[in-house]
Amino acid sequence: MSTTALNDLSRYPIVQAPMAGGASCPQLAAAVCEAGGLGFLAAGYKTAGGLYQEIKQVRGLTGRPFGVNLFMPQSGQHADPAAVEMYRHQLAGEATWYETALGDADSGRDDAYDAKLAILLEDPVPVVSFTFGCPGADTLEAFARVGTFTVVTVTSAEEAQAAQRAGADAVCVQGVEAGGHQGTHRDDPEADAGTGLLALVTLVKEAVHLPIIAAGGLMRGAQIAAVLAAGADAAQLGTAFLVCPESGAHPLHKQAMTHPLFARTELTRAFSGRPARGLVNRFVREHGPYAPAGYPEVHHLTAPLRKAAATAGDAQGMALWAGQGHRLARELPAGQLVEVLAAETDTALAALTAPAQRNV
């Protein structure tokens, strides 16, 4: 597929990031699509049936193209059982505080991937993206046969090359600034924290011949213009849309984005066992330094704690995923935010070209 195929999916080069955990609900995805962006549903942590129902809801709200994001199974990476058990003991006080049992670390590693694939191949959607790995060529070919545009999330030039070899139509280049989970294909505890978005876009641009969606800390149209100037074909924003009224994020999560109590973000394994960027709260401070590399085991272990904290109205025990630009969040309706971002982008791009035009 060409760059044109990516750009033809939406009026503006603006993609609403798939945010697993409830934020990327049908109402948000549809509102973004109706305004000229590309909205996404997040299939992560949902049942196959739940995903099917959400796809039906989006189709009932908009006739424009939209996407679905899948988590790749983690069957090839296993956590150290002793490390997970040690972390379980460390979290015992949290379970007592929130009056809930810890979750079963062995609840499953594939996120119902095969069942979700079957749904998306039998009743295709316009776009499917993948996180935490790259599917095989056979899977990408199957999507191509049913007319679905495929995107693989990458965090390095090497991962982008793997996606190109497998037959992906585009890559979503995720910089270290991004909120939520880092979409690395392998979770290597010895690897560095990651690469900044502008450097990464350039590295990937020179390594592959695929359309690029740039993601990571983007909150303003001027930033979108910057990644487009760097070689990206579209920009993906998550935190910017998280605070929209259509977002399904918990109200405390939305409020925390600009609350002075939450001044910074960091990458932590505290909630899921995989590096993910969120606002620093009590749970991150107390447990982040000791959390093992163990996804999805740690995710399953802490799920009841996160739910209980949300029910209790305690943001200090919730996973407050957020990108580095969270302080720039604007509580606008999703459609209005798309329009504002598009106008800001146009203004910034015009400013970039104006000096060159004056010198002609």
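Provided above is the structure to which this section pertains.
Residues numbered from 1 in each chain as written. Predicted model: local features only at pLDDT ≥ 70, side-chain atom pairs only at ≥ 80, totals over all residues. Heavy atoms only, no water.

Asks: Honestly, the environment of D111 in this entry has me stumped. Any pointers?
Replies: Relative to the assigned elements, D111 resides in the loop between α5 (92–98) and α6 (113–122). In this structure, the C-alpha to C-alpha distance between D111 and L70, residues 41 residues apart in sequence, is 8.7 Å. Those residues in contact with D111, other than ones at most four positions away along the chain, are A43, G44, Y45, K46, F71 and K116. (Helix = DSSP H or I, 4+ residues; strand = E, 2+ residues; numbered from the N terminus. Contact = heavy atoms within 4.5 Å.)

Asks: What should I look at first to understand the sheet that holds strand β10 (residues 265–268) in this one?
Replies: Backbone-to-backbone hydrogen bonds pair the strands of a sheet. The strands run either parallel or antiparallel. The three strands are arranged β7-β11-β10 in an open sheet whose pairing can be described as antiparallel. Bordering the open sheet on either side are β7 (180–181) and β10, each of which pairs with just one other strand. Bridge count between β7 and strand β11 (residues 276–279): two bridges; the pairing is antiparallel. In the sheet register, H181 faces β11, and the bridge partner there is A276. (Pairing = 2+ DSSP bridges.)

Asks: Just checking my understanding: could you explain the pattern of salt bridges for this structure?
Replies: Oppositely charged side chains can pair when the atoms bearing their charge come close. Applying the stated criterion to the full structure yields eleven salt bridges. Its salt-bridge partner being E85, residue R88 comes within 3.8 Å of it at the nearest N-O pair. Here R88 and its partner E85 are both found in helix α4 (residues 81–90), three residues apart, which amounts to about one turn of the helix. Taking relative accessible area as the criterion, E85 reaches 37% and is therefore assigned partly exposed. Here R282 and E286 are joined by a salt bridge, their closest N and O atoms 3.1 Å apart. Here R282 pairs with E286, and both are found in helix α13 (residues 282–287), just four residues apart, close to one helical turn. (Salt bridge = Lys/Arg side-chain N within 4 Å of Asp/Glu carboxyl O. Buried < 20%, exposed > 50% of the residue type's maximum accessible area, 1.4 Å probe, protein only.)

Asks: In this structure, what is going on with the environment of A342? I would like to understand it.
Replies: If you trace the backbone, A342 turns up in helix α15 (residues 334–358). The spatial distance from the C-alpha of A342 to the C-alpha of R220 is 9.3 Å, given a sequence separation of 122 residues. A342 has contacts with Y12 and I14, leaving out every residue within four places of it along the chain.

Asks: Explain the nonpolar core here, please?
Replies: The tendency in soluble globular proteins is for nonpolar side chains to be buried as a group. Counting residues in each nonpolar core, the largest one holds 96 residues, and the members touching the most others are I14, V68, F130, V171, V173, L237 and F241. Looking at this core, the element that brings in the most residues is helix α14 (residues 297–312), giving six residues. Aside from chain neighbours lying at most four places away, what touches V171 is V151, V152, V154, A160, A163, V204, L210, P211, I212 and I213. If you look at the next biggest cluster of nonpolar residues, it comprises 14 residues, including A5, V15, A170 and I213. (Core = buried A, V, L, I, M, F, W, Y, C linked by side-chain atoms within 4.5 Å.)

Asks: So what exactly am I meant to see when it comes to the packing of aromatic side chains here?
Replies: For any two aromatic rings, the description comes down to two numbers: the centre-to-centre distance and the angle of the planes. The full count for this structure, using the stated rule, is six aromatic pairs. Ring geometry for F271 versus F283: centroids 4.6 Å apart, planes at 15 degrees, classification stacked. On the criterion of sequence distance, the pair formed by F271 in the loop between β10 and β11 and F283 in helix α13 is long-range, its members being twelve residues apart. Residue classification places F271 among the buried positions, given a relative accessible area of 2%. A relative accessible area of 1% means that F283 is categorised as buried. Ring pairs connect the aromatic residues Y45, F71, F132 and Y295, which therefore count as one cluster. (Phe/Tyr/Trp six-rings, centres within 6.5 Å; stacked < 30°, edge-to-face > 60°.)

Asks: Explain the packing of helix α3 (residues 48–61) against α6 here, please?
Replies: When two helices pack together, you describe them by how their axes are tilted relative to each other and by the distance separating the axes. Following both chains from N to C, one finds α3 and α6 inclined at 30 degrees, their axes separated by 9 Å at the closest point. Considering their axes alone, α3 and α6 lie roughly parallel with respect to each other. The two elements α3 and α6 meet at a crossing, and its hand is right-handed. Between α3 and α6, the residues in contact are A48, L51, Y52 and I55 and A115, K116, I119 and L120, respectively. Tallied by class, the residues present in the contact of α3 with α6 amount to seven nonpolar, no polar and one charged. (Axes fitted to C-alpha atoms, helices over the stretch in contact; angles between N-to-C directions. Parallel < 35°, antiparallel > 145°, perpendicular 65-115°, else oblique. Left-handed = near helix turned anticlockwise from the far one by under 90°. Nonpolar A, V, L, I, M, F, W, Y, C, P; charged D, E, K, R; others polar.)

Asks: What should I look at first to understand the sheet that holds strand β3 (residues 66–71) in this one?
Replies: Pairing is parallel in the open sheet, where eight strands are placed in the order β1-β9-β8-β6-β5-β4-β3-β2. Looking at the sheet topology across the chains shown, the edges are occupied by β1 (14–16) and β2 (39–42). Within this sheet the neighbouring strands show an average axis-to-axis angle of 25 degrees, counted without direction. Pairing between strand β4 (residues 127–131) and strand β5 (residues 149–154): four bridges, direction parallel. Bridging from a neighbouring strand, V128 pairs with T150 of β5. Where helix α2 (residues 26–34) meets the sheet, its contacts fall on β1, β2 and β3, and the angle it forms with β2 comes to roughly 160 degrees. Each of β1, β8 (212–215) and β9 (234–237) touches helix α10 (residues 221–229); the most contacted strand, β9, lies at about 135 degrees to it.

Asks: Could you clarify how one ought to interpret the layout of surface pockets in this entry?
Replies: A water-sized probe rolled over the atoms picks out the places where empty space is left. Within this model, the second largest pocket holds a volume of roughly 460 Å³. Around the second largest pocket sit 23 residues that line it, and T184, A191, D192, A193 and G194 are the ones nearest its centre. When residues of the lining of the second largest pocket are traced back to their parent elements, those giving at least two are α8 (157–166) and α9 (197–205). No other element matches α8, which puts three residues into the lining of the second largest pocket. Partitioning the lining of the second largest pocket into residue classes produces nine nonpolar, seven polar and seven charged. (1 Å grid on protein atoms, 1.4 Å probe; cavity = no way out; pocket = protein on both sides within 12 Å on 5 of 7 lines; lining within 4 Å. Points joined across faces, edges and corners; volume = space filled by probe spheres on them.)

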